[in-house]
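As a plain string of letters, each chain reads:
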Amino acid sequence: MASLQQVVEQLALAAASFNETVAANGTSPSNTLSGGPFKRLAAITSLLASASALRDWAFLLVIGSLFEVARRGLSTFWTSLIDAFFITAVFDEDDASYQWILAWLSRQPSWRNIRCVTVATDTVRAVYARDSYSKRGSVTKEPSYMPADSHSYTLWYKSRWMTVTRVTVSNHGGWGSKVSLHLRFLSRRQGILGTIIEEAKKDWLETQKDSLTVWVANRHVGDNIWVPLSRQLKRPLSSIVLDPGVREFLVKDVKDFLASKAWYQERGIPFRRGYLLYGVPGSGKTSVIQAIAGELCLNVYMLALSRSGLDDSSLATLLSSLPEQCIVLMEDVDAAFYHGLSREPGSPTATSETGARDRRSSSGESPGKLSLSGILNAIDGIAANEGRILFATTNKYDVLDPALCRPGRMDLRLQFHHASRYQAREVFKRFFASSPTEVTGKGDVTVAEPDLNAPPLIDLTSPAKSQGSSSEPSEKSSPSLYSGLCHSSRAPKLSNHELSALADQFAAAVPERQITMAALQGYLMTHKATPFKAVADVSAWVERE
């Protein structure tokens, strides 16, 4: 390659040669360059072409351009070839299909031979094997094997070659990261992707059949998003003891709504439904929602209106991003503004709310910026999502604004009272039934018809009963280091007649509509192995309550 000095020398020689040529022709340089633009350009080109260094540079420029064109052409050809024979799919971590594909991969026979994996036992994020749940046991923390970050895997699926890559990309500014899963299949048939997604969805639902996922709203990188909180085993609907017909009425109403989408669309009615459950604390409002979610295989999205940093815009974004069939749970909606909802700024409610805000600000907490109009618009405004089921609970129905409770927002309002004697009787039967399998399809404990020749009631004052002939643990044992009942203790096996008679006596001692179901359950838990003592002591316990 010629140096700069050589280039200058070449240009000088070319200029001298040019002057000699002009002199031989009898013309001056000014006349030569004074012609039209084409003549001047031709003269300048001739001058530059006479320099060998410039010719070398031009040659290298042409060669480099040809190589770049060839490279881009080959890259375009390779991309076209890949697109013609391969199918590429990207699954984002924030989408439900990401979990489907992870579950599907864990079930592929060739996945067992993978030698570089990420091991996870988290009950929400991890992919579960088919035996991760016992029949009615708790969630086990079985290790699950997920693709390692930025690592490619080669698998075979139905004689088709495929690659799997898990990619993590950091967000701008370094706040958090975004994870995605890239799948590439060697196949010209587009339907193979749909087949894999349907199979993955089916496998995922199979792992979820005994559980439901609870989601919560969380602020992430400036955005409010739904994140999975936990996976809970489904609660049997039969474990909910309400007044006769209430449980069945609620389940039937929700099922009818989910099956009525076409009816709503034909009449131009937004496909949404809201339920307001109100009443005394501990009456079973949240429990019945959990049981309904398990019965209908719906995930639960919990939204706390009093959460710090939640404003009208964030609430609208969260509700509009919900899936079509799910349950939104707003517990204690009366606490959204700490003391209730009110439109009037000068009302006592608003005054107490201002004081609560001041106290919360002085403690360093960030108060919420929700307004009543923002809540109403998020629930049934123009941007509100359809297909979801809203359950709201409150212990103070009277403080709620009437606009929040009207049909279209809260279509069905159901009041929960203290326990009735019927509920006391049924919860006693469920506690001391000899086996959980002794339940009918409707969830009632199977109790045989009483024997007419048997005594009408059990004598709790009988020495045989009071001194443990029924296998109850003795309360007069030697002193120990703890008080209460050991969890390993089990109740004696009762006959159907004994269970029914004890339940009747227990219910008769419980006053009508004065004790909550939570209190009854807590009392029975302290006597879970001593049914006779539970009946004998219930009157004294009621007086203390």
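Thresholds applied
- Residues numbered from 1 in each chain as written.
- Predicted model: local features only at pLDDT ≥ 70, side-chain atom pairs only at ≥ 80, totals over all residues.
- Heavy atoms only, no water.
- Salt bridge = Lys/Arg side-chain N within 4 Å of Asp/Glu carboxyl O.
- Helix = DSSP H or I, 4+ residues; strand = E, 2+ residues; numbered from the N terminus.
- Buried < 20%, exposed > 50% of the residue type's maximum accessible area, 1.4 Å probe, protein only.
- Polar contact = N/O pair within 3.5 Å; in protein donor to acceptor, adjacent residues only side chain to side chain.
- Contact = heavy atoms within 4.5 Å.
- Core = buried A, V, L, I, M, F, W, Y, C linked by side-chain atoms within 4.5 Å.
- Pairing = 2+ DSSP bridges.
- Axes fitted to C-alpha atoms, helices over the stretch in contact; angles between N-to-C directions.
- Patch = residues over 30% accessible without salt bridge, like charges linked within 9 Å, V, L, I, M, F, W, Y side chains within 5 Å.
- Areas by Shrake-Rupley, 256 points an atom, 1.4 Å probe, with all protein chains shown as cover.
- Expected span 1.5 Å × (residues − 1).
- Phe/Tyr/Trp six-rings, centres within 6.5 Å; stacked < 30°, edge-to-face > 60°.

**Student:** Looking at this structure, how should I read the pattern of salt bridges?
**Tutor:** Close approach of charged atoms allows side chains of opposite charge to pair. Scanning the model with the defined rule gives 16 salt bridges in all. Glu-324 serves as the salt-bridge partner of Lys-261, at 2.6 Å between the closest nitrogen and oxygen. Of this pair, Lys-261 sits in helix α8 (residues 261–266) while Glu-324 sits in the loop between α10 (312–320) and β11 (327–330), and the two are 63 residues apart along the sequence. Since its relative accessible area comes to 32%, Lys-261 is described here as partly exposed. One salt bridge connects Glu-512 with Arg-421, and the closest N-O pair in it is separated by 3.9 Å. Of this pair, Glu-512 sits in the loop between α16 (496–509) and α17 (517–525) while Arg-421 sits in helix α14 (residues 421–432), and the two are 91 residues apart along the sequence. Shared partners join several salt bridges into a network, and the residues in it are Asp-243, Arg-421, Glu-512 and Arg-513.

**Student:** So what exactly am I meant to see when it comes to unusual backbone geometry here?
**Tutor:** One can expect most non-glycine residues to show negative phi and most peptide bonds to be in trans. In the Ramachandran plot, Asp-332 falls in the positive-phi region, its phi being about 50 degrees despite a non-glycine side chain. If you trace the backbone, Asp-332 turns up in the loop between β11 and α11 (348–362). Its identity as a non-glycine residue notwithstanding, Arg-513 has a phi of 60 degrees, on the positive side.

**Student:** Please clarify how the side chain of Asn-385 should be interpreted in this entry.
**Tutor:** With respect to the helices and strands, Asn-385 occurs in the loop between α12 (372–380) and β12 (389–394). A relative accessible area of 18% places Asn-385 in the buried class. Reaching out from Asn-385, the side chain makes a polar contact with the backbone oxygen of Leu-322 at a distance of 2.4 Å. Excluding its chain neighbours within four sequence positions, the residues that come into contact with Asn-385 are Arg-272, Leu-319, Ser-320, Leu-322 and Pro-323.

**Student:** Mind showing me how you'd approach α12 here?
**Tutor:** Side chains that are three or four residues apart share a direction in an α-helix, a result of its 3.6 residues per turn. Extensive coverage of α12 is indicated by the burial of seven of its nine residues. Among the residues of α12, Leu-372, Gly-374, Ile-375, Leu-376, Ala-378, Ile-379 and Asp-380 are the ones counted as buried. Looking at the buried residues of α12, the elements they touch are α10, β12 and α13 (402–405).

**Student:** Please clarify how the nonpolar core should be interpreted in this entry.
**Tutor:** In a soluble, globular protein the nonpolar side chains are often hidden away together inside. Counting residues in each nonpolar core, the largest one holds 30 residues, and the members touching the most others are Leu-303, Leu-305, Leu-315, Leu-319, Met-330 and Ile-375. Of all elements in the fold, only β9 (273–279), α10, β11, α12, β12 and α13 reach the threshold of two or more residues within this core. Element by element, the count of residues in this core is highest for α12, at five residues. When near neighbours in sequence (up to four residues on either side) are disregarded, Leu-305 contacts Leu-310, Leu-315, Met-330, Val-333, Ala-336, Leu-370 and Ile-375.

**Student:** Would you mind showing me how to read the environment of His-182 here?
**Tutor:** Relative to the assigned elements, His-182 resides in strand β6 (residues 177–186). Overall, the relative accessible area of 26% leaves His-182 in the partly exposed class. Put simply, His-182 and Val-167 are 15 residues apart on the chain and 7.4 Å apart in space, counted from C-alpha to C-alpha. Those residues in contact with His-182, other than ones at most four positions away along the chain, are Ala-89, Val-90, Thr-163, Val-164, Thr-165 and Val-167. Of note is the side chain of His-182, whose polar atom sits 3.1 Å from the side chain of Ser-180.

**Student:** It is not clear to me how the sheet that holds strand β4 (residues 152–157) should be interpreted in this structure. Could you clarify?
**Tutor:** Sheet strands associate in pairs through backbone hydrogen bonding, adopting either a parallel or an antiparallel arrangement. With respect to topology, four strands assemble into an open sheet ordered β1-β6-β5-β4, the strand pairing being antiparallel. In this open sheet, the two strands that pair with only one neighbour each are β1 (86–92) and β4. Taken over all neighbouring pairs, the strand axes of this sheet differ in orientation by 25 degrees on average, direction set aside. Note: β1 against β6, seven bridges, orientation antiparallel. Bridge pairing in β6 links Ile-87 to Phe-185. Across the sheet, helix α5 (residues 96–106) touches β1, β4, β5 (160–170) and β6, and the angle it forms with β6 is around 55 degrees. Set on the sheet, helix α6 (residues 191–208) makes contact with β1, β4, β5 and β6; between it and β1 the angle comes to about 35 degrees.

**Student:** Honestly, a nonpolar patch on the surface in this entry has me stumped. Any pointers?
**Tutor:** Among the surface-exposed residues, Phe-77, Trp-78, Leu-81, Phe-85 and Leu-186 lie close enough to one another that they form a single nonpolar patch of about 510 Å² accessible area. For the nonpolar patch, the element with the highest residue contribution is helix α4 (residues 52–85), accounting for four residues. Here Leu-81 is to be found in helix α4.

**Student:** How should I be thinking about α14 in this particular structure?
**Tutor:** Here α14 is 12 residues long and its end C-alpha atoms lie 17 Å apart, about the 16 Å a rise of 1.5 Å per residue gives. Looking only at α14, the buried set comprises Gln-423, Ala-424, Glu-426, Val-427, Phe-428, Lys-429 and Phe-432.

**Student:** Teacher, can you tell me more about the packing of aromatic side chains here?
**Tutor:** Tallied over the entire structure, the rule returns 15 aromatic pairs. Ring plane angle 20 degrees and centroid distance 4.5 Å describe the contact between Phe-257 and Phe-271, whose orientation is recorded as stacked. Of this pair, Phe-257 sits in helix α7 (residues 246–258) while Phe-271 sits in the loop between α8 and β9, and the two are 14 residues apart along the sequence. The exposure class assigned to Phe-257 is buried, which follows from its relative accessible area of 2%. Linked through ring pairs, Phe-428, Phe-431, Phe-432, Phe-506, Tyr-523 and Trp-541 together constitute an aromatic cluster.

**Student:** Explain the pairing of β12 here, please?
**Tutor:** Moving residue by residue along a regular strand, the side chains alternate between the two faces of the sheet. Of all six residues in β12, six are buried; the element is thus mostly enclosed. Side chains of β12 alternate between two faces, with Ile-389, Phe-391 and Thr-393 and Leu-390, Ala-392 and Thr-394 buried alike. In terms of strand pairing, β9 meets β12 through six bridges, oriented parallel. Residue Leu-277 lies in a different strand from β12, and its bridge partner there is Thr-393. Bridging between β11 and β12 involves four bridges; their strand directions are parallel. Its bridge partner being in β12, Ile-327 is matched across the sheet by Ile-389.

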